[in-house]
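Secondary and tertiary structure notes
Spelled out, the chains give:
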Amino acid sequence: MSKPLTLTSRLFIVVGVALILSGVLADVVGAKEEAVKKALIEVGDRPGVAITVFAISSSGRASITLEGADRIYYMTLRGDPMLALRQLSTINITLENQAIKHDFRVGIAYGHAVLNTNPLLLTTLPLLANIIPVNMSGTPGGKETIEARIKGGEGLLVIATPSDTRITYTIEYKVEGYKRIGLTTTIMIGTALIVLGSLQAVKREALTR
Amino acid sequence: MPSKTSPVVKVYRLVMIDSSDSLRPPGFDLMILLIATLGAVLASIQPIVEAHVAVRIILDPTLFATAIFLALRSSAGITSLVQSGVINTYMSYPLSRLGVAVGLFLSRVLIPAASLLLVPLIVAGVILWPTISRGLDNYALMYVAYLIQALLYGSMFTVIAVVSRSPGTASVASIAVYFTYNVLSLIFSVLGSSMGVSLLVDIGDAMGFNYMVYRSLLGEHVLLWQLAMVPILTTILIASILTYFTRRFEPV
């Protein structure tokens, strides 16, 4: 009659199988190191838009490229920029058509909102907070890129006034400081553990015969 | 002729024998496979860059599974030993009652809890090694914090088991006590916040030792008594189990 496996053999085998399974799953659905998101905002007759990137669990470099903007302001801040924007309702800046999405595989929340307010109020924003105006390098409505490094829990907020009735933007986000071992290595370690666990069981069986 | 084997060796033998029941396959193996795989997947879905954050993501759901396992296999398991009469065989072994109590606590609470919490961390630690290796000390510290929290639950369940001596009562009462403890912690925090009583919030937070250690690793201000509360409660409960088992426990 065969002897039951020892606790050590069982643990080796279970850890080996778990490593292979989770390694394969991590490869299929696991974290990514970069993401690119594009969107078009229909501004209509509203005076501005806000575009945000919020690093929920990762740290990385975010860049937002806008097309169709007349003036651009930006800032990095602690916390979710979209939540901070909602506080601006107290100074009569309200948010419309909010579109917020999450990409957990790069650890960010991103999106945009159309700002409904007095156009003059947007130009005074740099006086109200640590908002930096961008020196427009090209023609109004041309491509402009804003880049910032954000840590976990920080966000990048960009406010733009449109040159026309629509603004397109592209968010590129590169995760920094994250790495995991490759699938091949995981499978090799997992297989080695299963073999070790099985060998222990075979050796025990031979010794007890 | 009296046996010359040291009591420590005897406790070790008892632990080995009893572990073959408390950790018996396939239930334990299946559980450990699932929590290890899913814990590692949870930690690798998002690009986590801090070791202690990874531990929290992996061990929060695992601690729940560990508590349920301890309620069923440890608490109800000890009472089954009483009802089946196996405890009499254990106690006929030339070992003091204290030795038997220590052996049962190790095989029914400490070893299962330590294994269930450690295996998912090993699997995730291998996959996320380049990230985890930068904070191995925090990884280990968070593991110990979760283990102490699990030992608190296991000790509560063992007290229920040795007092009730009925498998049905022990398992149901253990799960009820676990539920009550966690909901009380939440109620203290919510009531304390809404009534503006910071002491209630502090007590509610301190009931989760793993949470307090996590907060201190994040650099948040944590009071010393908040860090000490769960370890002291656990020590008192373990001392109560050993005292009760040694002086008042009736194995029939």
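Residues numbered from 1 in each chain as written. Chains lettered and ligands numbered in written order. Predicted model: local features only at pLDDT ≥ 70, side-chain atom pairs only at ≥ 80, totals over all residues. Heavy atoms only, no water.

**Quick look at the overall build of chain B**
Put simply, the rule is: Helix and strand definitions follow DSSP, with helices as H or I runs of at least four residues and strands as E runs of at least two, each counted in order from the N terminus. Radius of gyration means the value over C-alpha atoms here, while the globule rule gives 2.2 Å times the residue count to the 0.38 power. Throughout, exposure labels follow a simple rule: accessible area from a 1.4 Å probe, protein chains only, divided by the maximum for the residue type, with under 20% read as buried, over 50% as exposed, and the rest as partly exposed. The contact criterion used throughout is that any non-hydrogen atoms of two residues lie within 4.5 Å. Each accessible area value is a Shrake-Rupley result obtained with a 1.4 Å probe; residue values ignore everything except the protein chains displayed when judging cover. Within this scheme the basic residues Lys and Arg register as positive and the acidic residues Asp and Glu register as negative, but His and the chain ends are omitted. The atom standing in for a charge is NZ when the residue is Lys, CZ when it is Arg, CG when it is Asp and CD when it is Glu.
If you tally the helices and strands in chain B, you get eleven helices and zero strands. Moving toward the C terminus, one meets the helices and strands of chain B in the order α-α-α-α-α-α-α-α-α-α-α. For 252 residues, the compact-globule formula gives about 18 Å, and the C-alpha radius of gyration of chain B, at 19 Å, lands near that figure. When its C-alpha atoms are laid out on the principal axes, chain B stretches across 60 × 45 × 35 Å. For chain B, buried positions account for 50% of its 252 residues. A sequence separation of at least 24 residues applies to 76% of the contacts in chain B between residues at least 6 apart. Working note: accessible area of chain B is about 11,000 Å², and carbon and sulfur atoms make up 72% of it. Separation of charge centres in chain B, based on 13 positive and 10 negative side chains, amounts to 15 Å.

**What about the packing of aromatic side chains?**
All names here are of chain B. Here is the rule we go by: Planes of paired rings set the category: under 30 degrees apart is stacked, over 60 is edge-to-face and the rest tilted, where pairs are Phe, Tyr or Trp rings (Trp by its six-membered ring) whose centres lie within 6.5 Å.
Inspection of the entire model under this criterion finds four aromatic pairs over all chains. Between Phe28 and Phe69, the ring centres sit 5.6 Å apart and the planes meet at 55°, which makes this aromatic pair tilted. With Phe28 in helix H2 (residues 27-45) and Phe69 in helix H3 (residues 51-84), this residue pair connects regions lying 41 residues apart in the sequence. Accessibility expressed as a relative area gives 1% for Phe28, which makes it buried.

**Some points on the interface of chain B and chain A**
One widely used convention gives an interface's size as the accessible area the parts lose upon coming together. The criterion, for reference: Accessible-area loss on putting two parts together, using a 1.4 Å probe and summing over both, is the definition of buried area adopted here. For this analysis, a salt bridge means a side-chain nitrogen from Lys or Arg found within 4 Å of a carboxyl oxygen belonging to Asp or Glu. Two N or O atoms form a polar contact when they lie within 3.5 Å of each other; inside protein one atom must be a possible hydrogen donor and the other a possible acceptor, and for residues adjacent in sequence the pair counts only when both atoms belong to side chains.
At the junction of the two partners, chain B supplies 27 residues and chain A supplies 32 residues. Summing both sides of the interface, chain B and chain A together bury roughly 2,300 Å²; the carbon and sulfur share of this comes to 74%. Linking chain B to chain A there are one salt bridge. The salt bridge partner of Arg10 of chain A is Asp29 of chain B, with a shortest N-O separation of 2.7 Å. One can count eight residue pairs in polar contact (both at pLDDT 80 or more) joining chain B with chain A. The element that contributes the greatest number of residues to the side of chain B that touches chain A is H2 of chain B, accounting for ten residues.

**Considerations on the sheet that holds strand E4 (residues 69-78) of chain A**
Residues and elements named next belong to chain A. Let me state the cut-off plainly: Two strands form a pair only when DSSP identifies at least two bridges running between them.
Spatially, the six strands line up as an open sheet ordered E5-E6-E2-E9-E4-E7, and their pairing is antiparallel. Sheet topology places strand E5 (94-103) and strand E7 (132-133) at the edges, where each strand pairs with a single neighbour. Of the pairings in the sheet, the one linking strand E2 (residues 48-55) to strand E9 (residues 154-162) comprises six bridges and is antiparallel in character. Opposite Val49, over in E9, you have Ala160 as the bridge partner.

**Considering H2 of chain B**
The line we're drawing: Each residue after the first adds 1.5 Å to the expected span of a helix.
A rise of 1.5 Å per residue sets the reference length of H2 of chain B, with its 19 residues, at 27 Å; its end C-alpha atoms lie 27 Å apart and thus fit the reference within 8%. Residues Phe28, Asp29, Met31, Ile32, Ile35, Ala36, Thr37, Gly39, Ala40, Val41, Ala43 and Ser44 of chain B constitute the buried set of H2 of chain B. Buried residues in H2 of chain B make contact with helix H1 (7-29) of chain A together with H3 and helix H5 (97-127) of chain B.

**As for the sheet that holds strand E10 (residues 166-175) of chain A**
Residue and element names in this part refer to chain A. Selection rule: Structural elements are reduced to axes, namely lines fitted to C-alpha atoms, with helices fitted over the stretch in contact, and the angle between N-to-C directions of any two is expressed from 0 to 180 degrees.
Spatially, four strands are ordered E1-E10-E3-E8 in an open sheet, and the strand pairing comes out antiparallel. Only two strands of the sheet have a single neighbouring strand rather than two, namely strand E1 (34-42) and strand E8 (144-150). Strand-to-strand, the axes of this sheet are offset by a mean angle of 15°, without reference to chain direction. With eight bridges connecting them, strand E3 (residues 60-67) and E10 associate as antiparallel partners. When the sheet's bridge partners are listed, Glu67 is paired in E10 with Thr168.

**A few points about the pairing of E5 of chain A**
All names here are of chain A. Relative to strand E6 (residues 108-116), E5 runs antiparallel, the two sharing eight bridges. Paired with Leu95 across the bridge in E6 is Leu115. Between E5 and E6, which pair antiparallel one after the other, the connecting turn spans four residues, and Gly107 there sits at a positive phi close to 75°.

**Brief notes about a nonpolar patch on the surface**
Residues and elements named next belong to chain B. As a reminder, the rule being used: Like-charged residues within 9 Å of one another, or nonpolar side chains (Val, Leu, Ile, Met, Phe, Trp, Tyr) within 5 Å, are grouped into patches, provided each residue has over 30% relative accessible area and no salt bridge.
Judged by side-chain polarity, Leu184, Ile187, Leu191, Met195, Val197, Leu199 and Trp225 come together as a nonpolar surface patch covering roughly 600 Å² of accessible area. Broken down by element, the residue count for the nonpolar patch peaks at four residues, all from helix H8 (residues 167-195). Here Met195 shows up in helix H8.

**A word on the confidence of the model for chain B**
Let me state the cut-off plainly: How sure the predictor is of each residue is captured by pLDDT, a score from 0 to 100.
For chain B, mean pLDDT is 90; residues scoring 70 or higher make up 98% of the total. The complex model carries a pTM of 0.83, and its ipTM stands at 0.83.

**Some words on H5 of chain B**
Residues and elements named next belong to chain B. Going by this rule: Bend at a residue means the angle formed by two fitted axes: the first through the 7 residues ending at that position, the second through the 7 residues beginning there.
A rise of 1.5 Å per residue sets the reference length of H5, with its 31 residues, at 45 Å; its end C-alpha atoms lie 44 Å apart and thus fit the reference within 8%. Where H5 bends most, the angle comes to about 40°, and this point is Leu106. For H5, a buried count of 22 out of 31 residues is recorded, marking the element as mostly surrounded by other parts of the structure.

**A word on the nonpolar core**
The criterion, for reference: For this analysis, a nonpolar core means a set of buried residues of the types Ala, Val, Leu, Ile, Met, Phe, Trp, Tyr and Cys, connected via side-chain atoms within 4.5 Å.
Grouped together as the largest cluster of nonpolar side chains are 87 residues, with contacts concentrated most on Ile51, Ile64, Leu66 and Tyr173 of chain A together with Val123 of chain B. Here this core takes twelve residues from H3 of chain B, the largest share from any one element. Dropping the residues within four chain positions of it, Ile64 of chain A is found in contact with Ile51, Val53, Glu144, Thr145, Ile146, Leu156, Val158, Tyr169, Thr170 and Ile171 of chain A.

**Re the packing of H2 of chain B against H3 of chain B**
Residues and elements named next belong to chain B. Test applied: Note on terminology: angles under 35 degrees are roughly parallel, angles over 145 are roughly antiparallel, angles of 65 to 115 are roughly perpendicular, and the others are oblique. Each crossing gets its hand from how the near helix is turned against the far one by less than a right angle, where anticlockwise is left-handed and clockwise is right-handed. Basically, the charged four are Asp, Glu, Lys and Arg, the nonpolar ten are Ala, Val, Leu, Ile, Met, Phe, Trp, Tyr, Cys and Pro, and anything else, Gly included, counts as polar.
Taken N-terminus to C-terminus, the directions of H2 and H3 make an angle of 165°; their axes are 8 Å apart at the nearest point. Between H2 and H3, the crossing angle belongs to the class labelled roughly antiparallel. H2 and H3 meet at a crossing whose hand is right-handed. Residues Phe28, Met31, Ile35, Gly39, Leu42 and Ala43 of H2 form the contact with H3, whose own contacting residues are Ile57, Ile58, Pro61, Thr62, Ala65, Thr66, Phe69 and Arg73. Looking at the contact of H2 with H3, its residues break down into ten nonpolar, three polar and one charged.

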